[in-house]
Amino acid sequence: MSEEAKMESTSSFEPKIMAFVCNWCTYAGADLAGTSRMEYRPNVRIVKLPCTGRIDPLFIIKAFENGADGVLVSGCHPGDCHYTTGNYHARRRWIAFKDLLDFTGIDMNRVHFSWVSASEAIKWVELINNVTDEISAMGPFMDFKALNRGKPESNEEK
Ligand code: FES
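Just so it is clear, the model here is predicted, and its values are computed rather than measured. Within any chain, residue numbers begin from 1 and follow the written order of that chain's sequence. Given that the model is predicted, a residue must reach a pLDDT of at least 70 before its local features are reported, and side-chain atom pairs must reach 80 or more before they are shown or counted; all residues, however, enter totals for whole chains, interfaces and linings. For side-chain calculations, the full set of non-hydrogen atoms in the structure is used, while hydrogens and water are omitted.

### Topic: the packing of helix 2 (residues 26-35) against helix 5 (residues 121-138)
We apply this condition: Axes here refer to lines fitted to C-alpha atoms; in helices the fit is confined to the stretch in contact. Angles between the N-to-C directions go from 0 to 180 degrees. Segments assigned H or I by DSSP are reported as helices when at least four residues long, segments assigned E as strands when at least two residues long, and all are numbered from the N terminus. Comment on the angle field: the value is read as roughly parallel under 35 degrees, roughly antiparallel over 145, roughly perpendicular from 65 to 115, and oblique elsewhere. In what follows, a contact means two residues having at least one pair of non-hydrogen atoms within 4.5 Å. Lys, Arg, Asp and Glu make up the charged group, whereas Ala, Val, Leu, Ile, Met, Phe, Trp, Tyr, Cys and Pro make up the nonpolar group; the residues left over, Gly among them, are polar.
It is the contact of helix 2 with helix 5, at a shortest axis distance of 8 Å, that shows an interaxial angle of 90°. In terms of orientation, helix 2 lies roughly perpendicular with respect to helix 5. Contact with helix 2, carried on its side by Thr26, Gly29, Ala30, Leu32 and Ala33, involves Ala121, Trp124 and Val125 of helix 5 and no other residues of that element. For the contact of helix 2 with helix 5, the per-class residue count stands at six nonpolar, two polar and no charged.

Structure, rendered in structure tokens:
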């Protein structure tokens, strides 16, 4: 690919961001942003889970393998988890898993962790816009897509 073509494809690059969020806080905050008709970047795809404590670190690896350029994990603020300690477990798991992700070659700037409550629609909007800008500046993440070789391509990527 020529330098000119590379620059053109980078400037039109729209990252795919996978967000794993808990049902009770962040999903409700994102929903509030939607029902309040707040506008934000359309690059995020949300996977709703009961609690951040349910998030298996392999979900993050699989997201990259299946085409994500960035991943966001978000749940209730510390002390507000509807299952009491799920977000503390998630945070502890995250600290341990960060080194493993780094070891596997994933730039940690592509993975974001945040707390967004059900009333923080504005925080959700700002978070998505900021994460999208950061991932856009980093460009596409191709390394893990090679792991998915052999699986049929989705129509979206054609
Ligand atoms: S219910 Fe939201 S983090 Fe546990």
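Moving on from the coordinates now.
### Side note on the pairing of strand 1 (residues 17-22)
Rules: Partly exposed residues are those whose accessible area sits between 20% and 50% of the maximum for their type, while under 20% is buried and over 50% is exposed, using a 1.4 Å probe and protein chains only. Strands qualify as paired when DSSP identifies two bridges or more between them.
With five of six residues buried, strand 1 is to be regarded as a mostly interior element. Bridge analysis of strand 1 against strand 2 (residues 44-49) gives six bridges, and the strand direction is parallel. Counted as the bridge partner of Cys22 is Leu49 from strand 2. As judged from the five bridges shared by strand 1 and strand 3 (residues 70-75), these two strands associate in the parallel manner.

### Looking at the packing of aromatic side chains
What describes a pair of aromatic rings is the distance from one ring centre to the other and the angle between the planes of the rings. Let me state the cut-off plainly: Between 30 and 60 degrees the pair is tilted, below 30 it is stacked and above 60 it is edge-to-face, where a pair is any two Phe, Tyr or Trp rings, Trp via its six-membered ring, whose centres lie within 6.5 Å. Cation placement over rings: the criterion is NZ of Lys or CZ of Arg within 6 Å of the ring centroid and within 35° of the ring normal.
Throughout the structure, instances matching the rule amount to five aromatic pairs. Taking 5.9 Å as the distance between ring centres and 35° as the angle between the ring planes, the aromatic pair formed by Phe20 and Phe59 counts as tilted. On the criterion of sequence distance, the pair formed by Phe20 in strand 1 and Phe59 in helix 3 (residues 57-65) is long-range, its members being 39 residues apart. Judged by centre distance (5.1 Å) and plane angle (70°), the rings of Phe64 and Phe141 are edge-to-face. Residue Phe64 is located in helix 3, and its partner Phe141 is located in the segment after helix 5; the two are separated by 77 residues in the primary sequence. Like Phe64, the residue Phe141 is buried in the burial classification. Members of the aromatic cluster, connected to one another through ring pairs, are Trp94, Phe113 and Trp115. In this structure, Lys48 is placed above the aromatic ring of Tyr27, and the distance from its NZ or CZ to the ring centre is 4.5 Å.

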